[in-house]
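Examination of the molecular architecture
Single-letter residue listing:
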Amino acid sequence: MIVRMKKRLVTSALPYVNNIPHLGNLLQVLSADVFARYCRSNGYETLYICGTDEYGTATETRALQEHVSPRELCDHYHKIHEDIYKWFGISFDYFGRTSTPKQTEIVQDIFRKVYDAGYITEHEQEQLYCPHCQRFLADRLVEGTCPHCGWEKARGDQCDNCQTLLDPTELINPRCSVCGTKPELRKTKHLYINLPKALPLLEAWMDKASSEGFWANNAIQVTKSWIRDGLKERAITRDLKWGIPVPLKGYEDKVFYVWFDAPIGYVSISAYATEAWKDWWFDPENTELFQFIGKDNIPFHTVIFPSCQLATGEHWTMLHHMSSTEYLNYEGGKFSKSNGIGIFGNDVESTGIPADVWRFYLYYNRPETSDFTFTWQDFQEKVNKELIGNLSNLVNRTLTFTKKFLDGHIDAGAVDETFLETAKKYEAAITASLERADERDALRTILELSSAGNKLFQDSEPWKLRTTDPEQARKMLRTLNWLIRDLGIMIEPYMPATSERLLAFFSQGGKKWDALGQWGGEVNVGEVSLLFSRLEDDQIKTLKERFSGSQKEREAKQEAEQNAAKEKKEETMLDTTKSIAEQFSEHVVLKIAQITHVEKHPGGDKLYILTLDTGEEESRTIVSSIVPYYTAEELQDKHIVLVSNLKPANFRGVKSCGMLLAASDPHEAQPHSTCEVLFADDLPVGTVLEPEGFGEPAEKLCYVKPELFFSLPITTKDGVVMVDGRNLVSKDGKTVTAKKYLNGPVG
């Protein structure tokens, strides 16, 4: 009998549109992405949808502040959200929004059904009204003096000075935050959903769903506490303009409260994703709904939205599994969108650290059972120790050894059966964890398996075994190569770009979950490069300082730094009393260095990481964008001209201590489209070059800033490299020459 696998409908909490998401907000989108990717790989028919939550008071208020319409505000921030999620590699089947015609249609339809079933009530209340703006004021559109601490800028919902929750009628000297007019109390009617009446339906559903769907513990506890404390009727309408109109006589000037319409956004966004959306939302026998949220959103997904579904009397696909995380905090405090505290989605890309590294760290520390605090020090330690020291180390040492000593090829044959059985047990545990959306545990188990692979490599001592027992060495390496293939498949949900690169080393791209444990075929290893670069102390220190304080404080700091840079610009200007050659001799050190190792930068297609012997005690590392012009073999062991005292800089996470010199065509159509590295194989390593007529500096020169260096032009004339009309020469008068671009610039 063939058991049909149920479809999996996956949602992540709809991010509110009026701000830029921080890492804590991104956690839910990322969590759903891992699960959706795993489900697809393991053969489940999967639909992962999300979108921006766009209606409500916050949007209307922000639009007023920015002097734009709510629609213009939503369009602006929706694009920002889209770009951030694209950079993180989120695999939505559809990323939509709630301010759409289908959202209006579906929300109004659900309301009518709930209303007709008798679960909607009407109540009259007093609310502040602005006679100048001619509208009722939402809580946060009222300002005044806090009755508890006397702060004069308290909002109608909360005093940010003493953190007391308020009712707008409690404020002393209240005023409309838009026009400053004193509001007046007026009576208004609102619609409420009768949650107490829906309670019997809710309890019967929840007892079964929370057990069968193995809800997160905090989801069960929060939901039970809401029920235990007594459900109350909750308003579902507001006196706003920006929202979905209420289709009921007497309520034409009101819209639905955002918490009522927002969860229905999952349904309307699905309707844009596929014409067959009802096959997902009205097929509970064959579809399971998995929802990923933060703990502050639990009641909306386990009480209010399910109550609305049940009250319609329709055959809904309802919540199966609730994966609700605890809070992600930042450096001892809380992430805050309103105060700009923490690292935000648009900040992350600017760090130069690849998206997969961020994904790894957030999954490794996903706050599944307790709050977790992001710190830059822990970020550095976990990346360097687990991601690089464990996983990347296993991949690099195994594949490099296979490439170097077996020409990248191992025939089909036996593997270590004992280790294969161990790997299968790990893989079964990883699969079981992912089935329950225990994503942190699954990732850590993947890393445990990687660690076991490192131990096998170390204990087997292949560097000895390849000569004492070549067949056993091939068996061990065959085993480890297939293990790495499996690791490449299992990390795809977590680090998709890294998985793609890793599997490409074997030409195994596109392999899915069902290939796990299928070992023993021939192994072919292609070009291999490092998966990641270490996070260095100075890099992390810089980032920690950069992202301290609030966004406003950081912007102010950036402005101050820009002003300071303008003031210091004169420091890099040329001294008009001295010749170019003299200033070059005073500021720049050119030294002959040998390239001892070449590897491609994992974070840049055009970048090489070059290790250099400069004749000093320690080797030097530089980053150079010459991949389009030279193969690694053409560079290996070559002598080059190094700007030895150029101020170090970070290039996508790698510290570059210097720059090689290259000539270019003065007539190139596009900047940086031609390149000839200046090779100097006839000059010994450590040789210093100076403009002819100037000796080596008596004292060690300090770093030269790039701006100053590039203001001292180097050129070729008839092939000879020179500065200010003087040949660049060694102590014994030897020159460096170009072979291709004989008359042009050098940089």
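These notes cover the structure that comes with them. Note that this is a predicted model, so its numbers are computed, not measured. Residue numbering note: each chain is counted from 1, following its sequence as written. Only residues with pLDDT of at least 70 are given local features in this predicted model, and only at 80 or more are side-chain atom pairs given and counted; all residues enter the totals for whole chains, interfaces and linings. Side-chain metrics rest on all non-hydrogen atoms present in the structure, leaving aside hydrogens and water.

**Here's the deal with the packing of aromatic side chains**
Note on aromatic pairs: each is described by the distance of the centres and the angle between the planes. Here a pair means two rings of Phe, Tyr or Trp (six-membered ring of Trp) with centres within 6.5 Å. Their orientation is stacked below 30 degrees between planes, edge-to-face above 60, and tilted elsewhere. All told, the structure shown has 39 aromatic pairs when counted by the stated rule. A centroid spacing of 5.8 Å and a plane angle of 80° characterise the contact between Tyr85 and Phe92, whose relative ring orientation is edge-to-face. We call a residue buried when its accessible area falls under 20% of the maximum for its residue type, exposed when it is over 50%, and partly exposed in between, using a 1.4 Å probe and counting protein chains only. Overall, Tyr85 belongs to the buried group, its relative accessible area being 3%. Joined through ring pairs, the aromatic side chains of Tyr330, Trp358, Tyr361, Phe372, Phe374, Trp376, Phe379 and Phe547 make up one cluster. In this scheme, Lys NZ or Arg CZ marks a charge over a ring once it lies within 6 Å of the ring centre and within 35 degrees of the ring normal. Against the face of Tyr257 rests Arg238, its NZ or CZ located 4.4 Å from the ring centre. Positioned over the ring face of Phe679 is Lys638, at 5.2 Å from the centre of the ring.

**Here we look at the sheet that holds strand 6 (residues 142–145)**
When DSSP finds at least two bridges between two strands, those strands are taken to pair. Only DSSP runs of H or I with at least four residues qualify as helices, and only runs of E with at least two residues qualify as strands; both kinds are numbered from the N terminus onward. Spatial strand order, 7-6-8: 3 strands in an open sheet with antiparallel pairing. With partners counted over all chains shown, the strands left at the sheet margins are strand 7 (154–155) and strand 8 (172–176), one partner each. For strand 6 and strand 7, the ladder comprises 2 bridges, and the chain directions are antiparallel. Looking at the pairing, Gly144 lines up with Ala154 of strand 7.

**Observations concerning the side chain of Glu54**
Structurally, Glu54 can be placed in the loop between strand 2 (46–52) and helix 2 (57–66). Among the residues examined, Glu54 registers a relative accessible area of 0% and is labelled buried. One polar contact links Glu54 to Ser99, side chain to side chain, over a distance of 2.4 Å. Look past the residues within four positions of Glu54 in its chain and what remains in contact with it is Val17, Thr59, Arg71, Cys74, His78, Arg97, Thr98, Ser99 and Trp242. N or O atoms within 3.5 Å of each other form a polar contact, as long as, within protein, one can give a hydrogen and the other can take it, and as long as residues adjacent in sequence are counted only when both atoms are side-chain atoms. We call two residues in contact when some of their heavy atoms are within 4.5 Å.

**Some words on the pattern of salt bridges**
Within this document, salt bridges are pairs made up of a side-chain nitrogen of Lys or Arg and a carboxyl oxygen of Asp or Glu, the two lying within 4 Å of each other. On inspection of all chains with the given rule, the structure shows 37 salt bridges. A salt bridge links Arg62 to Glu66; its shortest N-O distance comes to 2.6 Å. Placement of the pair is Arg62 and Glu66 together in helix 2, with a separation of 4 residues, close to one helical turn. According to the relative accessible area criterion, Glu66 is partly exposed, its value standing at 32%. Among the salt bridges present, the one from Glu143 reaches Arg175, with a minimum N-O distance of 3.7 Å.

**Considering the sheet that holds strand 1 (residues 7–12)**
Taken in spatial order, the 5 strands line up as 3-2-1-13-14 in an open sheet, and their pairing is parallel. Edge positions in the sheet fall to strand 3 (94–97) and strand 14 (319–325), since each has one partner strand and no second. The sheet shows a mean angle of 20° between the axes of neighbouring strands, direction not considered. Across 4 bridges, the pairing between strand 2 and strand 3 is parallel. Looking across to strand 3, one finds that Cys50 is bridged to Phe95. Here the axes come from fitting lines to C-alpha atoms, over the contacting stretch only for helices, and the angles between their N-to-C directions go from 0 to 180 degrees. Together, strand 13 (287–294) and strand 14 form the strand contacts of helix 10 (residues 298–312), whose direction differs from that of strand 14 by roughly 155°.

**Section: the nonpolar core**
Take the buried Ala, Val, Leu, Ile, Met, Phe, Trp, Tyr and Cys residues and link them wherever side-chain atoms come within 4.5 Å; each set so joined is a nonpolar core. The biggest cluster of nonpolar side chains holds 157 residues, and the ones touching the most others in it are Leu23, Trp281, Trp358, Phe374, Trp376 and Phe379. By residue number, the principal contributor to this core is helix 1 (residues 23–41), which donates 11 residues. Counting residues in hydrophobic clusters, the runner-up holds 26 residues, among them Leu590, Met659, Ala663 and Leu689.

**Some remarks on the pairing of strand 4 (residues 120–130)**
Pairing analysis gives 10 bridges linking strand 4 to strand 9 (residues 184–193), with the strands arranged antiparallel. Counterpart to Glu122 in the pairing with strand 9 is Leu191. Where strand 4 meets strand 5 (residues 135–136), 2 bridges bridge the pair, whose relative direction is antiparallel. Bridge pairing in strand 5 links Tyr129 to Phe136. Between the antiparallel neighbours strand 4 and strand 5 lie 4 residues, among them Gln134 with a positive phi of about 55°.

**A short note on the environment of Gly294**
Positionally, Gly294 belongs in strand 13. Residues Gly294 and Ser324, 30 residues apart in the sequence, show an inter-C-alpha distance of 5.1 Å. In contact with Gly294, other than residues within four places in its own chain, are Gln28 and Thr325.

**Remarks on helix 6 (residues 217–228)**
One fewer than the residue count of a helix, multiplied by 1.5 Å, yields its expected span. If you check helix 6, its first and last C-alpha atoms are 16 Å apart, about what 12 residues at 1.5 Å a residue would give, namely 16 Å. Burial in helix 6 covers these residues: Asn218, Ala219, Ile220, Thr223, Ser225 and Ile227. Against helix 5 (195–212), helix 10 and strand 14 lie the buried residues of helix 6. Gly230 sits one or two residues past helix 6 and shows a positive phi near 95°.

**Considering the packing of helix 13 (residues 376–406) against helix 15 (residues 439–460)**
Interhelical geometry of helix 13 versus helix 15 gives an angle of 45° and a closest axis separation of 9 Å. The orientation of helix 13 with respect to helix 15, classified from their angle, is oblique. Two packed elements cross with a definite hand, and for helix 13 against helix 15 that hand is left-handed. Where helix 13 approaches helix 15, its residues Glu386, Gly389, Asn390, Leu391, Asn393, Leu394, Arg397, Thr398 and Phe401 are matched on the opposing element by Leu447, Ser450, Ser451, Gly453, Asn454, Phe457 and Gln458. Of the residues that constitute the contact of helix 13 with helix 15, the class distribution is 5 nonpolar, 9 polar and 2 charged. Angles below 35 degrees are treated as roughly parallel, those above 145 as roughly antiparallel, those between 65 and 115 as roughly perpendicular, and all remaining angles as oblique. Should the near helix be turned counterclockwise from the far one by less than a right angle, the crossing is left-handed, whereas a clockwise turn marks it as right-handed. Charged residues are taken to be Asp, Glu, Lys and Arg, nonpolar residues to be Ala, Val, Leu, Ile, Met, Phe, Trp, Tyr, Cys and Pro, and polar residues to be all remaining types, Gly included.

**Considerations on unusual backbone geometry**
Positive phi, close to 55°, is recorded for Gln134, a residue that is not glycine. Relative to the helices and strands, Gln134 resides in the loop between strand 4 and strand 5. Exposure remark for Gln134: the relative accessible area of 61% places this residue in the exposed category. In the Ramachandran plot, Asp407 falls in the positive-phi region, its phi being about 55° despite a non-glycine side chain. Inspection of the secondary structure assignment puts Asp407 in the loop between helix 13 and strand 18 (409–410). Take Asp407: its relative accessible area is 68%, and that puts it in the exposed class.

**Focus: the environment of Ala355**
Summarising the element assignment, Ala355 is placed in helix 12 (residues 355–364). Residue class for Ala355 comes out buried when judged on its relative accessible area of 13%. Taking the C-alpha atoms as reference points, Ala355 and Met490, 135 residues apart in sequence, are found 17 Å from one another. Setting aside its immediate chain neighbours within four residues, Ala355 contacts Trp87 and Phe88.

Don't take any of this as a statement about function, it's just geometry.
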